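Secondary and tertiary structure notes
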Amino acid sequence: MAAVRTSSEVAFNRIAIAAVLIATLIFLAPIYWIASTAFKPKELAVSVPPTVLFEPEVTPFVRLFTKRVQMQKPVDPQVYDAAPWWEKRIYDGGERVLKVGKDVQLSQYPDRFMNSLIVAVISTVLAVGMGTFTAYGFSRFKIAGEADLLFFILSTRMLPPVVVAIPMFLMYRVVGLNDSHIGLIILYVAFNLSFSVWLMKGFMDEIPKEYEEAALVDGYTRMQAFFKIVLPEAATGIAATAVFCFITAWNEYAFALIMTNRRAQTAPPFIPSQIGSGLPDWTTIAAGTFLFLLPVAIFTFLLRNHLLRGVTFGAIRK
Amino acid sequence: MASVALTNLDPASRAAARGWSDLTIRNLFIIPTLVFLIVFNIFPLIYSLGYSFTNFAANRSEPWQFVGLQNYRELLSDDHIWSNFVITAKYVIVSVAGQMIVGFGLALLLNRSFPMKGLITTLLLLPMMMSAAVVGLFWQLLYSPSWGPINYVFGLGDFAWLSNPDSALYAVAITDIWMWSPFVMLLSLAGLSAVPQHLYEAAAIDRAGWWYTFTRITLPLVSPILLIALIFRTMEAFKTFDIAYTMTTQPTAELIAIRLYKQAFQQWDTGKSCALAYIVLIMVLAITNLYVKYLNKVKER
């Protein structure tokens, strides 16, 4: 069949590929825009007409990480010359970097970024750990009402975050877990656990039972067979599940907005809150957004062969 | 019942007698997860069910009173809440329809071999992996009335997408379409690649037209997976909070989840917001039930 191709089919194919390329450019344009704004000089970020090509600079990132104040009078040339390159860029913008003694005062951004990292990593480890055991249980043993239990597990994932957040907020207030890492970690484990069980069950189902049975015949206990035979076989699945859980926790907004406000606040509620009133400095906001989106973009490429299973909770595989 | 025939291993064999029994292992592996989910998901819901019958306000210390079904009665007869549901319905229809059309369209275009197909597919999937709150934030930049690139490209002058009451909801829906069409595309591609090639060959031999092939072969075979995408996106769009909340403050774009958030954490009308949460919860569970049913159907194929 493939050999016999009419010229109209070939032409149609070419048009379709051209359309795909155009669509890809349209889909990537917003991402390009935020990434490029992160490297723009301040005045070009809001220029009319919009600036597409420009000389990139990293000053927005310097602004992102430092606390600054407007200068009343121009900087002393001697001080300027002695300053490192990144401080000069701040002086160029008519501001100076705030310091305590010799130490540069950092902005809140690195703290919020670290909070995101702590909460996402710990909640991922816990959710994937528990999910892997449970998935093995569901995959290998007969369980009364298995379908109902699995539906129950999945349904906890589908609850709207705000619905769960109201009672959790009240309960956390009683036990003092509001605005704490642990409080947020518990919520994210609860949220990701169902996902991790469903996805890992799909991976476990694919590991032939005969592997463990052979091991049992060879004198392993079932626990040994699980740790020495099943877990290594499931490594790819565990890694993929972990990356999905990490991205979900990393991106989560509603719980973080409600449960944290200072100490444990993560990046998603923090970044939009910077807009505030007046004229926002979009280059600095874009720099913060760019750094925040970068890990997700990298992970998407690592995950590309597992995305389908991930978004369908392991139900549809290829 | 549960303890019989846990595995197809003979219970009398030596292997099964060593170490912990399968029953112990099964319980050890499954029960902690179930307990965790019950404690942190179900117990809070029971807690808030209780509060939904009171006039409790979390920011005041005065004692609350039991008010029976009053919260539910007031909510269901509140025009404001109904308008939130209407706004949500509009949003769900526009954004899910848009995602289905764009996503399935992209999948049809991508469903052929060409160089760098894998790279392009992955690039197209990027939007849905991002944080909705942050996506909402940077679309504000794109939609900016005076200097935003969207108005410049389409020559719309200083049209204020997000602060115009008539367009705010649709501006959010467009962003949602951008973000989630890739999801529909991904599922559609899986469906399309599962259509047996010989059906197309047979159709070509019979000189069937493109439209005929599409409606008689492609669509019927892909529709179960499209239905999955449709239900899943409907459920998610119904729950939408982040993207709309970060993009606009227009009352015409106040989705039910945003209304719920404001009632609970800005007006501190805790008892009533618990009742509203229950109304929303029941709706979501109904859609979830439908989703799981179809998911199992597709899985069995």
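Residues numbered from 1 in each chain as written. Chains lettered and ligands numbered in written order. Predicted model: local features only at pLDDT ≥ 70, side-chain atom pairs only at ≥ 80, totals over all residues. Heavy atoms only, no water.

We apply this condition: UniProt positions are given in the numbering used here, feature names are shortened, and annotations may be inferred rather than shown by experiment.
The name given to chain B in an unreviewed UniProt entry is Sugar ABC transporter permease, with Mesorhizobium hawassense as the source organism. UniProt lists a comment for chain B under the heading Sequence similarities (unreviewed entry), and it reads "Belongs to the binding-protein-dependent transport system permease family."

A few points about a nonpolar patch on the surface
Residue and element names in this part refer to chain A. Rules: To count toward a patch, a residue needs a relative accessible area above 30% and no salt bridge. Like charges then connect within 9 Å, nonpolar side chains (Val, Leu, Ile, Met, Phe, Trp, Tyr) within 5 Å. Areas reported as accessible are Shrake-Rupley estimates using a 1.4 Å probe. Residue values count occlusion only from the protein chains shown. We define a salt bridge as a contact between a side-chain nitrogen of Lys or Arg and a carboxyl oxygen of Asp or Glu at a distance within 4 Å. Comment: elements are numbered from the N terminus, with helices defined as DSSP H or I runs of at least four residues and strands as E runs of at least two. Using a 1.4 Å probe on the protein chains alone, a residue whose accessible area is under 20% of its type maximum counts as buried, one over 50% counts as exposed, and one in between counts as partly exposed.
A contiguous nonpolar patch, built from M114, L117, I118, V121, I122, V125 and L126 and spanning about 540 Å² of accessible area, is present on the exposed surface. Residue placement: I118 occurs in helix α6 (residues 109-140). Residue I118 is classed as partly exposed on the basis of its relative accessible area of 31%.

Focus on the UniProt feature "transmembrane region" (unreviewed entry) in chain B
Residue and element names in this part refer to chain B. The UniProt feature table records "transmembrane region" (unreviewed entry) at residues 28-47, 91-110, 122-142, 168-189, 210-232 and 275-292. Along residues 122-142, the helical share is 90% and the strand share 0%, with 23 Å between the first and last C-alpha atoms. In this annotation, residues 168-189 is assigned 100% helix and 0% strand; the end-to-end C-alpha distance for the span is 32 Å.

Section: the confidence of the model for chain B
Operational definition: pLDDT is a per-residue confidence score from the predictor, ranging from 0 to 100. Contacts: residue pairs with any heavy atoms within 4.5 Å of one another.
Averaged over chain B, the pLDDT score is 89; the fraction of residues at 70 or greater is 93%. Per-residue pLDDT stays below 50 along residues 1-9 of chain B; that stretch engages in 22 contacts with residues further than four places along the chain or on separate chains.

Topic: the side chain of S188(B)
Along the chain, S188(B) falls in helix α8 (residues 168-193). Residue contacts for S188(B): discarding those within four places in its chain leaves F104(B), A107(B), V222(B) and L226(B).

Quick notes on the interface of chain A and chain B
Our working definition: Buried area: the accessible area, evaluated with a 1.4 Å probe, that two parts lose upon being put together, summed over both parts. N or O atoms closer than or at 3.5 Å make up a polar contact, with two conditions inside protein: a donor-capable atom paired with an acceptor-capable one, and, for residues adjacent in sequence, both atoms drawn from side chains. Classification convention: Asp, Glu, Lys, Arg as charged; Ala, Val, Leu, Ile, Met, Phe, Trp, Tyr, Cys, Pro as nonpolar; all other residues, Gly among them, as polar.
Taken residue by residue, the interface counts 102 residues in chain A and 103 residues in chain B. Where chain A abuts chain B, roughly 9,200 Å² becomes buried across the two surfaces, and 82% of that area is made up of carbon and sulfur atoms. The tally of links between chain A and chain B comes to one salt bridge. Linking chain A with chain B are 10 residue pairs in polar contact (both at pLDDT 80 or more), by the criterion used here. Sort the elements by how many residues they give to the side of chain A that touches chain B and helix α1 (residues 7-37) of chain A lands first, with 17 residues. Its residues placed into classes, the side of chain A that touches chain B shows 79 nonpolar, 14 polar and nine charged.

Remarks on the packing of aromatic side chains
Note the following rule: Each Phe, Tyr or Trp ring, with Trp reduced to its six-membered ring, pairs with another whose centre is within 6.5 Å; inter-plane angles below 30 degrees give stacked pairs, above 60 give edge-to-face pairs, and intermediate values give tilted ones. Comment: the charge-over-ring label is applied if NZ (Lys) or CZ (Arg) is within 6 Å of the ring centre and within 35 degrees of the ring normal.
According to the stated counting rule, one finds 51 aromatic pairs over all chains in the structure shown. The interplanar angle of 80° and the centroid separation of 6.3 Å between the aromatic rings of F191(A) and F255(A) together place this pair among those described as edge-to-face. A residue pair is termed long-range when its members are at least 10 positions apart, and F191(A) in helix α9 (residues 181-206) and F255(A) in helix α13 (residues 254-259) qualify at 64 residues. Judged on exposure class, the residue F191(A) and its partner F255(A) are both buried. The interplanar angle of 55° and the centroid separation of 5.4 Å between the aromatic rings of W139(B) and W178(B) together place this pair among those described as tilted. Within this pair, whereas W139(B) is found in helix α6 (residues 132-143), its partner W178(B) is found in helix α8, the two being separated by 39 residues in sequence. The exposure class of W178(B) is buried, given its relative accessible area of 6%. Here the aromatic residues F65(A), Y109(A), F113(A), F246(A), W250(A), F292(A) and F299(A) are joined through ring pairs into a cluster of three or more. In this structure, K40(A) packs its charged tip against the face of W33(A), placed 3.9 Å from the ring centre. Positioned over the ring face of F183(B) is R233(B), at 6.0 Å from the centre of the ring.

What to know about the nonpolar core
Rules: Throughout, nonpolar core names a set of buried Ala, Val, Leu, Ile, Met, Phe, Trp, Tyr and Cys residues whose side chains join them through atoms within 4.5 Å. Domains are outlined according to an automatic or database domain assignment.
By size, the foremost hydrophobic cluster in this structure holds 191 residues, and its most contacted members are M204(A), M259(A), F138(B), W139(B), W178(B), F183(B) and Y291(B). Both of domain 1 (7-37) and domain 3 (109-311) of chain A provide at least three residues apiece to this core. Those residues in contact with W139(B), other than ones at most four positions away along the chain, are P30(A), I150(B), I174(B), T175(B), W178(B) and M247(B).

Quick notes on the UniProt feature "domain: ABC transmembrane type-1" (unreviewed entry) in chain B
Listed under "domain: ABC transmembrane type-1" (unreviewed entry) in the UniProt record, and renumbered for this structure, are residues 85-291 of chain B. The span residues 85-291 of chain B carries 77% helix and 0% strand; its end-to-end C-alpha distance comes to 21 Å.

What to know about the packing of α6(B) against α8(B)
Residue and element names in this part refer to chain B. Put simply, the rule is: Only the stretch in contact is used when a helix axis is fitted, and all axes are lines through C-alpha atoms; the angle between N-to-C directions ranges over 0 to 180 degrees. Put simply, angles under 35 degrees are roughly parallel, angles over 145 are roughly antiparallel, angles from 65 to 115 are roughly perpendicular, and the rest are oblique. What makes a crossing left-handed is the near helix being turned counterclockwise from the far one by less than a right angle; a clockwise turn instead makes it right-handed.
Axis separation between α6 and α8 bottoms out at 11 Å; the angle between their running directions is 120°. In terms of orientation, α6 and α8 fall into the oblique class. Like other packed secondary-structure pairs, α6 and α8 cross with a definite hand, here right-handed. Where α6 approaches α8, its residues A132, V135, F138, W139 and Y143 are matched on the opposing element by A171, I174, T175, W178 and M179. When its residues are assigned to classes, the contact of α6 with α8 shows nine nonpolar, one polar and no charged.

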